Amino acid sequence: MLPLAWFRQLVLVIVAVLGISAVLHARVVQDSADAVGRSMRFDVSWIGAHGRIEAAQLEVHLARYAALRLPADAESAELYYQILLGRLDSWDVGGYREFLDSSPANRETFDRLRLLVESFEAEFSDLSQVESLPALLEAWRPVGPAIDQIGAEATTSAVSKAAEIRETLTERQAVQNYLVVTLLGAGLLLLVLLLLQNRSLRRAHADARRAADNFSYVARHDSLTGLPNRNAFVAYEESGVPNGKRLAVIALDLDGFKLVNDTWGHVFGDKLLVQVAQRLEAAIRGKPGALVARLGGDEFVVLTYPRTAREAKGFAEKVLADITRPYDIDGGKVTIGATAGLALADDQRWDAMTLMADADLAQNEAKVSKKGSVGLYNATLRQGVERRLRLENALRDAIGRGEIVPNYQVQVDLRSNAIVGVEALARWQHPELGSVSPAEFIPIAEASGQIAHIGRYMIEQACRDAMLLPDDIHVAVNLSVIQIMQGEVIETVENALRASGLPAQRLKLEVTESVLMVNPKRVIEVLEGLRSRGIAIALDDFGTGFSSLSYLSTFRWDELKIDRSFLQNLDEDTLGLAIIQAILVMAKELGAKVIVEGIESPKQVQLLEHTGCDIGQGFLFGRPEPIAAVRATILKDRGLASQPAVGTTDQETA
Ligand code: C2E
Ligand code: MG
Ligand code: MG
């Protein structure tokens with residue numbers, strides 16, 4: 001294609017050529033007209049001829065007068081003389097004068113002729129007075145040849161001038177021809193250029209359309225798997241639900257895909273995603289109107305038209321089974337789990353986008369409650385989300401309004417039955433929703449980042465409150481992984497200890513093993529920093545979650561807190577007891593104390609007695625209470641009367 005800049009320049013050049021040609025042409029036409037005009041003016045030959053006739057007539061009449069003496073002849077001769085004089089006067093103006101002045105010889109010849117003719121003035125004023133007419137006739141005779149001579153010169157000049165003008169005209173004609181050819185050529189070239197440009201424009205237009213089509217394809221498809229992407233899914237419009245069928249959306253998310261990526265690398269992860277996509281495509285093959293899209297990362301969505309809820313659930317389970325079968329990648333077998341959420345159209349919710357949000361909700365819920373299953377959407381799920389949002393908003397000001405306070409649950413030495421410590425547990429009294437469990441709001445605060453604020457407040461308040469308790473009582477505060485990762489814990493704890501005056505040895509911090517799954521190196525650094533300042537670190541909820549024994553060797557725990565789930569069926573469950581015993585043996589080796597959580601009955605204490613457990617915590621010894629109440633409990637336990645402590649605020653019992 002001709003570059004546009006070139007094209008523009010070429011057109012400009014052609015237009016300039018056309019313009020110049022037109023101007024030149026006009027000038028040539030003007031020149032030709034001038035030449036023709038000049039040719040008229042320079043036709044002097046016949047002017048010269050006139051004089052010759054008059055001179056001859058004069059001579060004829062003069063001769064006849066000399067012979068016959070008729071007065072009419074004298075008159076005619078005199079008249080012709082006057083005419084000749086007038087003629088000579090008229091010669092010396094205009095075109096003929098130009099001819100005369102064109103050469104000194106012409107001028108001289110003419111002047112001589114004029115002098116000659118004028119010399120007869122007296123004689124031709126009255127011929128009857130002339131003495132010798134034959135002598136006059138004789139004297140007049142050279143006038144004719146003199147006129148002839150000048151006439152001949154004029155003719156020669158006229159001929160050569162005519163030739164000159166003809167030549168000019170021929171030349172102009174040629175130039176004109178060239179110009180016409182140039183004009184025609186330039187016009188033709190312009191036409192060709194326009195046609196060419198038109199063609200390349202048409203081609204460019206087609207290219208642009210192809211590019212746009214391609215772009216729209218790329219914009220609507222996932223580059224890795226080739227599946228439609230989120231854009232395509234959002235733009236999906238139902239082309240009419242088939243009779244007797246309902247629209248269903250299945251949201252799918254792979255379990256532990258991040259681990260696969262981190263362990264085997266992204267290239268491997270990509271290969272896995274491509275194969276998952278292929279299986280999903282195969283799963284919907286032959287299902288009219290069905291669509292599968294990749295929403296991003298390891299998230300997929302399937303849209304289908306089942307007849308019943310049962311059929312939908314069955315299909316979702318089949319899809320889940322399909323994609324969790326082993327994959328062949330790089331010559332090895334790999335399996336990956338997946339969790340699904342299913343939402344079905346009903347009277348209120350029928351469009352794909354709403355269903356997608358519902359399916360997502362169901363999938364998230366299933367991820368938490370039962371990984372690897374198909375979660376079904378129901379209205380309570382949405383209520384749960386709404387409550388979560390409400391709590392998240394309310395959390396922002398909860399501390400400022402004094403709605404969140406620590407309550408304390410006692411920890412008891414199982415041998416002596418004496419209270420040795422307390423655990424600070426956050427309590428939130430919401431003005432409208434009532435008491436909200438930390439099991440509910442702590443994860444929300446962690447997800448929204450507000451845990452840092454709450455956690456700091458809990459540490460500061462627990463340190464202050466601990467100063468109201470006997471000085472052999474330690475206080476345990478729970479730490480969230482987010483708090484540790486944010487890196488201000490050491491500073492916060494130091495400030496809280498300094499501000500309250502609590503010795504570091506009386507503070508204990510509890511973390512769950514989940515903290516070690518995030519960034520073990522960083523977490524251990526922080527924990528060691530705390531420990532080096534004399535603060536004891538306890539591993540909370542031990543035995544739940546992943547319980548990798550490697551967590552026991554990576555850090556020197558001061559305390560292991562055995563989760564209350566091990567106590568639940570302790571009476572019938574000898575296995576639970578065996579596990580507790582095993583943990584105790586390990587803890588002893590590691591130099592850590594053991595606390596058993598969730599002791600609710602004397603029977604449990606009895607069973608634990610033989611295991612050699614150090615400390616117990618549970619409803620049997622006391623529920624979490626406000627500081628004033630727990631202080632009273634401790635003092636009573638020691639046989640001391642409870643006195644109001646300075647600085648104690650009366651807080652409500654949770
Ligand atoms: P946790 O640290 O394991 O706390 C023990 C939980 O067990 C407390 O629940 C306590 O009330 C409950 N519990 C104690 N004894 C018994 C018993 O005999 N039977 C039963 N069924 N339960 C018992 P709570 O107060 O609801 O706290 C739940 C979790 O919330 C805590 O588990 C802890 O992980 C978290 N949490 C509480 N306060 C804070 C806090 O200030 N910061 C952080 N990061 N987490 C907190
Ligand atoms: Mg705890
Ligand atoms: Mg616990």
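The rules behind the values
Residues numbered from 1 in each chain as written. Chains lettered and ligands numbered in written order. Predicted model: local features only at pLDDT ≥ 70, side-chain atom pairs only at ≥ 80, totals over all residues. Heavy atoms only, no water. Near = heavy atom within 4 Å. Polar contact = N/O pair within 3.5 Å; in protein donor to acceptor, adjacent residues only side chain to side chain. Areas by Shrake-Rupley, 256 points an atom, 1.4 Å probe, with all protein chains shown as cover. Helix = DSSP H or I, 4+ residues; strand = E, 2+ residues; numbered from the N terminus. Donors = N, O, S within 2.8 Å, 3.2 Å for Na, K, Ca; no water. Buried < 20%, exposed > 50% of the residue type's maximum accessible area, 1.4 Å probe, protein only. Domains from an automatic or database assignment. Axes fitted to C-alpha atoms, helices over the stretch in contact; angles between N-to-C directions. Left-handed = near helix turned anticlockwise from the far one by under 90°. Contact = heavy atoms within 4.5 Å. Nonpolar A, V, L, I, M, F, W, Y, C, P; charged D, E, K, R; others polar. Pairing = 2+ DSSP bridges. Salt bridge = Lys/Arg side-chain N within 4 Å of Asp/Glu carboxyl O. Parallel < 35°, antiparallel > 145°, perpendicular 65-115°, else oblique. Core = buried A, V, L, I, M, F, W, Y, C linked by side-chain atoms within 4.5 Å.

1. A word on the site of ligand 1
Argument step 1. Inspection of the region around ligand 1 gives 23 residues, with Arg427, Asn478, Asp540, Glu600 and Phe619 positioned closest.
Argument step 2. Glu600 places a side-chain nitrogen or oxygen 2.5 Å from a nitrogen atom of ligand 1.
Argument step 3. For ligand 1, whose free accessible area comes to 790 Å², the fraction covered by protein is 85%.
Argument step 4. Every element with two or more residues in the shell around ligand 1 is listed here: strand 9 (419-430), helix 15 (438-448) and strand 13 (536-542).
Argument step 5. In terms of residues, the shell around ligand 1 owes the most to one element, strand 9, which gives 4 residues.

2. With respect to the coordination of the magnesium ion (ligand 3)
Argument step 1. Here the magnesium ion (ligand 3) is held by the protein donor atoms Asp540 (OD), Asp541 (OD), Glu597 (OE) and Glu597 (OE), which lie 1.9 to 2.6 Å from it.
Argument step 2. Between the two metals, the magnesium ion (ligand 3) and the magnesium ion (ligand 2), the spacing is 4.0 Å, and Asp540 donates to both. Linking Asp540 in strand 13 with Glu597 in strand 15 (residues 593-597), this pair joins segments that are 57 residues apart in sequence.
Argument step 3. On the accessibility criterion, Asp540 (6% relative accessible area) is buried.
Argument step 4. Relative accessible area serves as the criterion here: at 12%, Glu597 is assigned to the buried category.

3. Re the domain arrangement of the chain
Argument step 1. When cut into domains, the chain gives domain 1 (4-183), domain 2 (230-377) and domain 3 (388-648).
Argument step 2. Here the C-alpha centroids of domain 2 and domain 3 sit 40 Å apart.

4. Describing the packing of helix 11 (residues 266-284) against helix 12 (residues 309-324)
Argument step 1. The interhelical angle for the contact between helix 11 and helix 12, taken along N-to-C directions, is 145°, at an axis separation of 9 Å. In the packing of helix 11 onto helix 12, the handedness of the crossing is right-handed. On helix 12, the residues touching Val276, Arg279, Leu280, Ala283 and Ile284 of helix 11 are Phe315, Lys318, Val319, Asp322 and Ile323.
Argument step 2. Split by residue class, the contact of helix 11 with helix 12 holds 7 nonpolar, no polar and 3 charged.

5. Thoughts on the sheet that holds strand 1 (residues 248-255)
Argument step 1. Ordered by their spatial adjacency, 5 strands build an open sheet running 2-3-1-6-7, and the pairing between neighbours is mixed. Whereas interior strands pair on both sides, the edge strands pair on one side only; in this sheet they are strand 2 (291-296) and strand 7 (374-376). With direction set aside, neighbouring strand axes in the sheet form an average angle of 20°.
Argument step 2. Contacts from helix 11 reach strand 1, strand 2 and strand 3 (299-304), with the element oriented near 5° to strand 3.

6. Some remarks on the environment of Glu559
Argument step 1. Take Glu559: it is sitting in strand 14 (residues 559-562).
Argument step 2. Taking C-alpha positions, Glu559 is 8.9 Å from Glu510, a pair spaced 49 residues apart along the chain.
Argument step 3. Residue contacts for Glu559: discarding those within four places in its chain leaves Lys508, Ile537, Ala538, Leu539, Ala592, Lys593 and Ile595.
Argument step 4. Here the side chain of Glu559 touches Lys508 through a polar contact of 2.5 Å, side chain to side chain.

7. Things to note about the coordination of the magnesium ion (ligand 2)
Argument step 1. Binding of the magnesium ion (ligand 2) to the protein goes through Glu423 (OE), Asn478 (OD1), Glu510 (OE) and Asp540 (OD), at separations of 2.1 to 2.2 Å.
Argument step 2. Sequence spacing of the donors to the magnesium ion (ligand 2): E-x54-N-x31-E-x29-D.

8. Considerations on the pattern of salt bridges
Argument step 1. Inspection of the entire model under this criterion finds 37 salt bridges.
Argument step 2. Two residues, Lys258 and Asp262, come together in a salt bridge whose shortest N-O distance is 2.8 Å. You can see Lys258 and its partner Asp262 sitting in helix 10 (residues 257-264), 4 residues apart, about one turn around the helix.
Argument step 3. When its relative accessible area of 51% is taken as the criterion, Asp262 is described as exposed.
Argument step 4. Salt-bridge contacts for Lys561 lead to Glu510; the nearest nitrogen and oxygen are separated by 2.6 Å.

9. Considerations on the packing of helix 4 (residues 94-101) against helix 5 (residues 104-118)
Argument step 1. At a minimum axis separation of 6 Å, helix 4 and helix 5 run at an interaxial angle of 115°. The angle between helix 4 and helix 5 falls in the class roughly perpendicular. Together, Arg97, Phe99, Leu100 and Asp101 of helix 4 and Asn106, Arg107 and Phe110 of helix 5 make up the contact between the two elements.
Argument step 2. In terms of residue class, the contact of helix 4 with helix 5 is made up of 3 nonpolar, 1 polar and 3 charged.

10. Quick look at the nonpolar core
Argument step 1. Among the nonpolar cores identified, the biggest contains 81 residues, and Leu507, Leu530 and Trp557 are the most heavily contacted of them.
Argument step 2. When residues in this core are grouped by element, the largest group, 8 residues, is from helix 16 (residues 451-466).
Argument step 3. Ile323, Ile329, Leu342 and Leu344 belong to the second largest nonpolar core, which has 34 residues in total.

11. Structural notes on the side chain of Lys508
Argument step 1. Within the element layout of this structure, Lys508 appears in strand 12 (residues 507-512).
Argument step 2. Looking at Lys508, the relative accessible area reads 4%, which means it is buried.
Argument step 3. Setting aside residues no more than four positions away along its own chain, Lys508 makes contact with Gln411, His474, Val475, Ala476, Val477, Ile535, Ala536, Ala538, Glu559 and Ile595.

12. Here's the deal with the side chain of Glu54
Argument step 1. Looking at the secondary structure, you find Glu54 in helix 2 (residues 45-68).
Argument step 2. Those residues within four positions of Glu54 in sequence are excluded, and the remaining contacts are Tyr80, Ile83, Leu84 and Arg87.

13. Brief notes about unusual backbone geometry
Argument step 1. In this structure, Arg69 takes a positive phi of about 60° despite not being glycine.
Argument step 2. Counting through the fold element by element, Arg69 comes out in the loop between helix 2 and helix 3 (71-91).
Argument step 3. On the accessibility criterion, Arg69 (43% relative accessible area) is partly exposed.
Argument step 4. Phi at Asp541 is positive, roughly 50°, even though this residue is not glycine.

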